[in-house]
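One-letter residues, chain by chain:
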Amino acid sequence: MKIIVCVKQVPDTSGKVAVNPDGTLNRASMATITNPDDLNAVEAALTLKEQTGAEVVVISMGPPPAEGMLRELMARGADRAVLVSGREFGGSDTYATSQILAAAINKIGLEDEDIVLCGRQAIDGDTAQVGPQIAEKLNLPQVSYAAEIVKDGKTLTVKRMLEDGYMTVKVSTPCLLTCIKELNEPRYMSVSGIFECYSKPYEVFDYETLKDDPLIDATTIGLKGSPTNIFKSFTPPQKGAGMMMEGADKATCEQLAALLAAKHLI
Ligand SMILES: Cc1cc2nc3c(=O)[nH]c(=O)nc-3n(C[C@H](O)[C@H](O)[C@H](O)COP(=O)(O)OP(=O)(O)OC[C@H]3O[C@@H](n4cnc5c(N)ncnc54)[C@H](O)[C@@H]3O)c2cc1C
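Residues numbered from 1 in each chain as written. Predicted model: local features only at pLDDT ≥ 70, side-chain atom pairs only at ≥ 80, totals over all residues. Heavy atoms only, no water.

Student: Describe the site of the ligand, with residues and values.
Tutor: What surrounds the ligand is a group of 29 residues, the closest being Cys6, Lys8, Asp38, Ser92 and Thr127. With respect to the ligand, the backbone of Gly119 contributes an N or O atom lying 2.9 Å from an oxygen atom. Taking Gly125, its main chain carries an N or O atom lying 3.3 Å from an oxygen atom of the ligand. The protein chains hide 82% of the 950 Å² of surface that the ligand would expose on its own. Going through the elements one at a time, β4 (55-61), α3 (94-108), β6 (115-119) and α4 (130-137) are the ones with two or more residues in the shell around the ligand. (Near = heavy atom within 4 Å. Polar contact = N/O pair within 3.5 Å; in protein donor to acceptor, adjacent residues only side chain to side chain. Areas by Shrake-Rupley, 256 points an atom, 1.4 Å probe, with all protein chains shown as cover. Helix = DSSP H or I, 4+ residues; strand = E, 2+ residues; numbered from the N terminus.)

Next comes the structure, spelled out in structure tokens:
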């Protein structure tokens, strides 16, 4: 049994966010971190590994420095890592990214009891599209927003978070789940893990590796294969300081009502 976890390296937006003159993120000048939801997906995979003996494979599409992140995830306990990297893949939007990741998952191979895990969304793109798109392209059943996962043979019972509660879903493997932070508390690297991570299998899949997959051709990957076009990008104007009103007496309430009425909000 295998658990494949899709992990994205993202700019660390807790620090200073650098923007290019054309409005795009200046990724090169910013520190990178592992996308937070993806750490929950890795932790879920490592917990299932402890219960079932599964092999955990972490996979990322990105430039060569993403190797550092993948080694760190192996130091946390993943068994194997794959970096999908190549000039042909650059400029991919979510449609093309999921096309390439689906082809890479085909290359690794999915068997009966295997599971693909993704984070719910990446903190830079924030679309939450890549996981569900991979499932569609691989024709896998999918459950998004997983807050609890219990495996029993070829069936997973997944508690998924909704806006106003939870829903419990049973799904058969192979399947894809997207994970949220409520699922678990990611573990740290262990000292022995740090020693071992450089001797664990690490592969790079480039265009040559994936080009024979039916999902891959020049019209489905990279900038040319990306149907999304950005017309305009801008920094939203800063919100004003706002106005504070204190007290629950009649006069204050009337004053508040008058202000809201003046703005046609009530
Ligand atoms: C026209 C266009 C051009 C773009 N060009 C570039 C570019 O040149 N370079 C660039 O870095 N970005 C580029 N992007 C952004 C890039 O397409 C998205 O960041 C990427 O598709 C993931 O979408 P998201 O961030 O919304 O992820 P989400 O859909 O929110 O991510 C959900 C989950 O999918 C998985 N996932 C997402 N992306 C990856 C990945 N790369 N590897 C492994 N798992 C992943 C993770 O598990 C993640 O938690 C471009 C976007 C557009 C629209």
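Student: So what about the pairing of β4? Which residues, and what values?
Tutor: β4 sits mainly inside the fold: five of its seven residues count as buried. Relative to β4, strand β1 (residues 2-6) runs parallel, the two being bridged by five bridges. Each residue of the ladder has a partner; that of Ile4, found in β4, is Val57. Two elements, β4 and strand β5 (residues 80-84), share five bridges in a ladder whose sense is parallel. The residue bridging Val57 from the neighbouring strand is Arg80, located in β5. (Buried < 20%, exposed > 50% of the residue type's maximum accessible area, 1.4 Å probe, protein only. Pairing = 2+ DSSP bridges.)

Student: Kindly report on the pattern of salt bridges, identifying the contributing residues and their values.
Tutor: Side chains carrying opposite charge are able to pair once their charged atoms draw close together. Following the criterion strictly, the structure yields 15 salt bridges and no others. A salt bridge links Asp112 to Lys154, with the shortest nitrogen-to-oxygen separation between them at 2.9 Å. One end of the pair, Asp112, is in the loop between α3 and β6; the other, Lys154, is in the loop between β7 (142-152) and β8 (155-162), and 42 residues separate them in sequence. A residue is classified by how much of its surface remains accessible, and Lys154, at 43% relative accessible area, is partly exposed. Linked through salt bridges whose partners overlap, the residues forming this network are Glu43, Glu50 and Arg187. (Salt bridge = Lys/Arg side-chain N within 4 Å of Asp/Glu carboxyl O.)

Student: Now, about the sheet that holds strand β10 (residues 175-179): what can you tell me, with residues and values included?
Tutor: Taken in spatial order, the nine strands line up as β9-β8-β7-β10-β6-β1-β4-β5-β11 in an open sheet, and their pairing is mixed. Whereas interior strands pair on both sides, the edge strands pair on one side only; in this sheet they are β9 (165-172) and β11 (202-205). Each neighbouring strand pair of the sheet contributes to a mean axis angle of 30°, computed without reference to strand direction. Of the pairings in the sheet, the one linking β5 to β11 comprises four bridges and is parallel in character. Following the sheet pairing, Leu83 is matched in β11 by Val204. (Axes fitted to C-alpha atoms, helices over the stretch in contact; angles between N-to-C directions.)

Student: Describe helix α2 (residues 67-76), and please don't skip the residues or the numbers.
Tutor: In terms of residue burial, α2 counts as a mostly covered element, since seven of its 10 residues are buried. For α2, the set of buried residues is Met69, Leu70, Arg71, Leu73, Met74, Ala75 and Arg76. With its phi angle positive at about 140°, Gly77 sits one or two positions after the end of α2.

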